[in-house]
Amino acid sequence: MTSKVDEALGYEQARDELIEVVRRLEAGGTTLEESLALWERGEELAKVCRRWLDGARARLDAALAEEEAAEEAEGE
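Note that the structure is predicted; figures quoted are calculated from it, not measured.

**Some thoughts on the overall build of the protein**
Reasoning step 1: What the protein contains, in helices and strands, is three helices and zero strands.
Reasoning step 2: Counted from the first residue to the last, the protein has its helices and strands arranged as α-α-α.
Reasoning step 3: Taken over C-alpha atoms, the radius of gyration comes to 19 Å for the protein, far larger than the 11 Å a tight globule of 76 residues would show.
Reasoning step 4: The principal-axis extents of the C-alpha atoms in the protein amount to approximately 65 × 25 × 15 Å.
Reasoning step 5: When each of the 76 residues of the protein is scored for burial, the buried share is 16%.
Reasoning step 6: Pairs at least 24 apart in sequence give 74% of the contacts found in the protein among residues at least 6 apart.
Reasoning step 7: Distance between charge centroids for the protein: 8 Å, based on 10 positive and 21 negative side chains.

Structural data, given as structure tokens:
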């Protein structure tokens, strides 16, 4: 479940925080409880990034389809 705060995160913010989470997990030195919390946070941040990227892909696909339709209409 993604919180309202996570939904408000921009792609770059979520990506940067995800990078920091991964860095901390790779560095080690955290308790099992801390590691699990970091992992869970990383999963949530990855979902935020995925939603942004999926949205960007949908917008790009729509724009390309619109352009293609306009070109076909001009050719008729």
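There's plenty left to go through after this.
**Some remarks on the pattern of salt bridges**
Reasoning step 1: By the definition in use, this model includes five salt bridges.
Reasoning step 2: With its nearest N and O atoms 2.8 Å apart, the salt bridge here joins Arg41 to Glu17. Taken together, the residues Arg41 in helix H3 (residues 32-75) and Glu17 in helix H2 (residues 11-27) connect sequence positions 24 residues apart.
Reasoning step 3: Using a relative accessible area of 25% as the deciding quantity, one classes Arg41 as partly exposed.
Reasoning step 4: With its nearest N and O atoms 2.5 Å apart, the salt bridge here joins Glu20 to Arg23.

**Thoughts on the environment of Gly55**
Reasoning step 1: With respect to the element layout, Gly55 can be found in helix H3.
Reasoning step 2: Taking the C-alpha atoms as reference points, Gly55 and Glu34, 21 residues apart in sequence, are found 32 Å from one another.

**A closer look at the packing of H2 against H3**
Reasoning step 1: Between H2 and H3, the shortest axis-to-axis distance is 9 Å and the interhelical angle comes to 150°. It follows that H2 is roughly antiparallel to H3 by the angle criterion. The handedness of the crossing between H2 and H3 comes out as left-handed. Contacts from Tyr11, Ala14, Arg15, Glu17, Leu18, Val21, Arg24 and Leu25 in H2 reach Ser35, Leu38, Trp39, Arg41, Gly42, Leu45, Ala46, Val48, Cys49, Trp52 and Leu53 in H3.

**Concerning the confidence of the model for the protein**
Reasoning step 1: Confidence in the prediction for the protein averages 92 pLDDT; 93% of positions are at 70 or higher.
Reasoning step 2: Confidence, read as mean pLDDT per element, is least for helix H1 (residues 4-8) in the protein (73) and greatest for H2 (97).

**Focus on H3**
Reasoning step 1: Its 44 residues give H3 an end-to-end C-alpha distance of 63 Å, which sits within 8% of 64 Å, the value for a rise of 1.5 Å per residue.
Reasoning step 2: All buried positions along H3 are accounted for by Leu38, Gly42, Glu44, Leu45, Val48 and Cys49.

Conventions we followed
All residue numbers here refer to positions counted from 1 along the written sequence of the relevant chain. For a predicted model such as this one, the threshold for reporting local features is a pLDDT of at least 70, and the threshold for listing and counting side-chain atom pairs is 80 or more; totals across whole chains, interfaces and linings nevertheless cover every residue. Water and hydrogen atoms play no part in the side-chain values, which are based on all heavy atoms of the structure. Strands are runs of DSSP state E lasting at least 2 residues, helices are runs of H or I lasting at least 4, and numbering of each runs from the N terminus. Within these notes, the globule rule equals 2.2 Å times the number of residues to the 0.38 power, and the radius of gyration is based on C-alpha atoms. For every residue, the accessible area (1.4 Å probe, protein chains only) is compared with the maximum for its type, and the residue is labelled buried under 20%, exposed over 50%, or partly exposed between those bounds. Contact between two residues is taken to exist if any of their heavy atoms lie within 4.5 Å; hydrogens are not considered. For the purpose of counting charges, residues Lys and Arg are taken to be positive, whereas Asp and Glu are taken to be negative. His and the chain ends are not included. Just so you know, the charge point we use is NZ for Lys, CZ for Arg, CG for Asp and CD for Glu. Salt bridges are defined as contacts in which a side-chain nitrogen from Lys or Arg sits within 4 Å of a carboxyl oxygen from Asp or Glu. Between the N-to-C directions of two axes lies an angle of 0 to 180 degrees, each axis being a line fitted to C-alpha atoms and, for a helix, fitted only over the stretch in contact. Throughout this description, any angle smaller than 35 degrees is read as roughly parallel, any larger than 145 degrees as roughly antiparallel, any in the 65 to 115 degree range as roughly perpendicular, and the remainder as oblique. In a left-handed crossing the near helix is turned counterclockwise from the far helix by less than a right angle, and in a right-handed crossing that turn is clockwise. Per residue, pLDDT measures the predictor's confidence, with a range of 0 to 100. A helix is expected to span 1.5 Å for every residue after the first.

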